[in-house]
Amino acid sequence: MTDRIARKLEELGLSLPEAAAPVAAYVPIVEAAGMLHLSGQLPFRDGQLITGRLGDGVSLEDGQAAARACGLMIVAQLKKYLNGDLSRVKRIVKLGVFVNSHADFTDQPKVANGASELMVALFGDEGRHARSAVGVPVLPLGAAVEIDAIVQLG
């Protein structure tokens, strides 16, 4: 699967960022009972945090790109934790998507699709997952999107 994901990333013109270090007192991943619980991941593009509020200067398309960037960071964290062996990923179980939103912005599910579609593109049917997508008034460091995940190991 690791090779398949690398090929798919190349086909999509994407690459994994370096797994980000925690910005506070937590660890990126906790393993419990065959499940990996990933802390919220922020969106980075070319090493820069994607910031702003959806519906207030950040477009839906930019929000989807930020969610995709969070998805890439999730995969980067998985790859680091699993010592490069993404074949151990059995299923993407759930994504929790938090969207920095103006009070009138209601397209959080469409923003979240940026990450959801990436997971299916990379992991196939094993990438189909449950999800929540919620609007929040602010995120750490002013990030546009933050996503956490639960992943089953095989």
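Calculation notes
Residues numbered from 1 in each chain as written. Predicted model: local features only at pLDDT ≥ 70, side-chain atom pairs only at ≥ 80, totals over all residues. Heavy atoms only, no water. 1 Å grid on protein atoms, 1.4 Å probe; cavity = no way out; pocket = protein on both sides within 12 Å on 5 of 7 lines; lining within 4 Å. Points joined across faces, edges and corners; volume = space filled by probe spheres on them. Helix = DSSP H or I, 4+ residues; strand = E, 2+ residues; numbered from the N terminus. Nonpolar A, V, L, I, M, F, W, Y, C, P; charged D, E, K, R; others polar. Pairing = 2+ DSSP bridges. Axes fitted to C-alpha atoms, helices over the stretch in contact; angles between N-to-C directions.

S.K.: What am I meant to see in the layout of surface pockets here?
M.R.: The rolling of a water-molecule-sized probe over the atoms marks out the regions of remaining empty space. By volume, the largest pocket is sized at about 300 Å³. Elements supplying a minimum of two residues to the lining of the largest pocket: β3 (44–45) and α2 (60–81). Take the lining of the largest pocket: its biggest share by element is five residues, from α2. In the lining of the largest pocket, the residues fall into nine nonpolar, three polar and four charged. In this model, the second largest pocket occupies a volume close to 160 Å³. Lining the second largest pocket are 14 residues, and of these A21, V23, Y26, G40 and L42 lie nearest its centre. Where the lining of the second largest pocket is concerned, the elements lending two or more residues are β2 (35–41) and α2. Of the residues that constitute the lining of the second largest pocket, the class distribution is 10 nonpolar, three polar and one charged.

S.K.: What should I look at first to understand the pairing of β2 in this one?
M.R.: On a regular strand, each side chain points to the face opposite its neighbour's, so the side chains alternate between the two faces of the sheet. Bridge count for strand β1 (residues 29–32) against β2 is four bridges, and the pairing is antiparallel. By the bridge assignment, E31 is partnered in β2 with L36. Linking β1 to β2, which pair antiparallel, is a turn of two residues; within it A33 sits at a positive phi near 55°. By the bridge criterion, five bridges tie β2 to strand β9 (residues 145–153) in an arrangement that is antiparallel. For H37, the partnering residue across the bridge sits in β9 and is I150.

S.K.: Looking at this model, I keep getting lost on the sheet that holds strand β7 (residues 89–100). Mind explaining?
M.R.: Judged by pairing direction, the sheet is mixed, and its five strands sit side by side in the order β1-β2-β9-β7-β8 without closing on themselves. Both edges of this open sheet fall to β1 and β8 (130–136), since each of them pairs with a single strand only. The sheet shows a mean angle of 15° between the axes of neighbouring strands, direction not considered.

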